[in-house]
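The residues making up each chain are set out below.
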Amino acid sequence: MKQVLKALLSGACITLTAGCATEKSESFTFTADLPPNFAYYGIAKYAPAKGETCTVTLDDNPYLGFNREWRTEYKPDSEVPIYRTVKGCRLAIYKIDLEINATYGKTRGDFGGDTTAVVIREELEEQYKETFNAAGENTISGQCQWLFRTQGPKRRLSKGLQCKAVDAQGVVTKGRPVGAYTLDQLPGKTVKLKIKLADEERPGWGDTWVKVPNGWKRCIGEGPEDQRGYCNGNYKDFSSFKMPDGRDCTIYPGCTE
């Protein structure tokens, strides 16, 4: 009877994800809740763990990439190892560099992006360390905003992306959406990047657009060939511009007045 019970308990460690196996986890889940047409690309970075005397170089491939092909093979959930062994050297994760990318048109160049990070240390002061809820989850909140401008002699509209952190009160701050954790916090946990999109876009290039009741109009500057096209006090003369889909427009975002 004792042998049967022992065998059953041994099998439980293999089949129950909430049991023995979870306690020995050396990974965590990174995931993202992003607006439509958004994706993230991450690079998990590793260095020799505390107490190790070995070294690794970039040629040893100590980093792991997630969603490298974010346009075609995007997966929001990434299982991130906390420790890895490369050439006999035990490595510990210390950072995930993140790119938040979003597309706004059909051509390959019609995208904007911004960067942020997850920081991981052996120890952190309590004021900088994130906390997990009872379900083992922590959320990094942020907001991204499109910044529009025109480029080239035909004044083709393009967009950049700017992402900022959102505090516990829902206020957008000056910093980027960064989370900080200690190594012993992460086993079996889930870190989520949650991004919302700002309701309004805004110009991303100096004194070049004028706000009107139903959108924005592009200052003409010194003429249609003036690629910078600063208003310089002239808020009455405007130029047309091309949308990413090729339409000739006079106002953004509605195209026609």
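Residues numbered from 1 in each chain as written. Predicted model: local features only at pLDDT ≥ 70, side-chain atom pairs only at ≥ 80, totals over all residues. Heavy atoms only, no water.

*Asks:* So what exactly am I meant to see when it comes to the packing of aromatic side chains here?
*Replies:* Two aromatic rings are characterised by how far apart their centres lie and by the angle between their planes. One pass over the structure, following the stated rule, counts 10 aromatic pairs. Ring centres of Phe30 and Tyr40 lie 5.2 Å apart, and the angle between their planes is 85°; this geometry places the pair in the edge-to-face category. Within this pair, whereas Phe30 is found in strand E1 (residues 27–33), its partner Tyr40 is found in strand E2 (residues 38–48), the two being separated by 10 residues in sequence. With respect to burial, Phe30 and Tyr40 carry one shared label: buried. Ring centres of Tyr104 and Trp146 lie 5.5 Å apart, and the angle between their planes is 80°; on these two criteria the pair is classed as edge-to-face. (Phe/Tyr/Trp six-rings, centres within 6.5 Å; stacked < 30°, edge-to-face > 60°. Helix = DSSP H or I, 4+ residues; strand = E, 2+ residues; numbered from the N terminus. Buried < 20%, exposed > 50% of the residue type's maximum accessible area, 1.4 Å probe, protein only.)

*Asks:* Would you mind showing me how to read the state of the cysteines here?
*Replies:* Here a disulfide denotes a covalent bond joining the sulfur atom of one cysteine to the sulfur atom of another. For the structure on display, the rule yields 4 disulfides. The partner cysteine of Cys54 in its disulfide is Cys89, sulfur to sulfur 2.0 Å. Looking along the S-S bond of the Cys54-Cys89 disulfide, the torsion reads about 70°, which is the right-handed sense. Separated by 35 residues along the polypeptide, Cys54 in the loop between E2 and strand E3 (64–66) and Cys89 in strand E6 (residues 89–103) bring together distant segments of the chain. Note on cysteine connectivity: Cys219 is disulfide-linked to Cys231, with sulfurs 1.9 Å apart. Linking Cys219 and Cys231, the disulfide has an S-S dihedral of approximately 90° and is accordingly described as right-handed. In this pair, Cys219 sits in strand E14 (residues 215–219) while Cys231 sits in the loop between E14 and strand E15 (238–239), placing the two residues 12 residues apart along the sequence. Taken individually, Cys219 and Cys231 each receive the classification buried, so the pair is uniform in this respect. (Disulfide = S-S within 2.5 Å.)

*Asks:* Would you take a moment to explain the pattern of salt bridges for this structure?
*Replies:* On inspection of all chains with the given rule, the structure shows 11 salt bridges. Measuring nitrogen to oxygen at the nearest pair gives 2.7 Å for the salt bridge that ties Lys45 to Asp97. In this pair, Lys45 is assigned in strand E2 and Asp97 in strand E6, connecting sequence segments 52 residues apart. Notably, a salt bridge pairs Lys217 with Glu257, separated by 3.2 Å at the nearest N-O pair. With Lys217 in strand E14 and Glu257 in the segment after strand E17 (248–249), the pair connects residues that are 40 residues apart, well separated along the chain. Of the residues examined, Lys217 reaches a relative accessible area of 15% and is grouped as buried. A cluster of three or more residues bridged by salt bridges with shared partners is formed by Lys45, Lys95 and Asp97. (Salt bridge = Lys/Arg side-chain N within 4 Å of Asp/Glu carboxyl O.)

*Asks:* What's the story with the side chain of Ser78 in this structure? I'm lost.
*Replies:* In this fold, Ser78 is placed in strand E4 (residues 78–81). Here Ser78 falls in the buried class, since its relative accessible area comes to 6%. A polar contact is formed between the side chain of Ser78 and the side chain of Tyr40, at a distance of 2.7 Å. Not counting residues up to four positions away in its chain, the partners in contact with Ser78 are Phe28, Thr29, Phe30, Tyr40, Phe66 and Asn67. (Polar contact = N/O pair within 3.5 Å; in protein donor to acceptor, adjacent residues only side chain to side chain. Contact = heavy atoms within 4.5 Å.)

*Asks:* Please explain the sheet that holds E15 as it appears in this structure.
*Replies:* Each strand in a sheet pairs with its neighbour through backbone hydrogen bonds, running either in the same direction (parallel) or in the opposite one (antiparallel). The antiparallel open sheet is built from 3 strands, whose spatial order is E13-E14-E15. Across the chains shown, the open sheet's two edge strands, defined by having one partner strand only, are strand E13 (209–212) and E15. Note that E14 and E15 share 2 bridges and pair antiparallel. Counterpart to Cys219 in the pairing with E15 is Phe238. (Pairing = 2+ DSSP bridges.)

What is shown is where atoms sit, not what they do.
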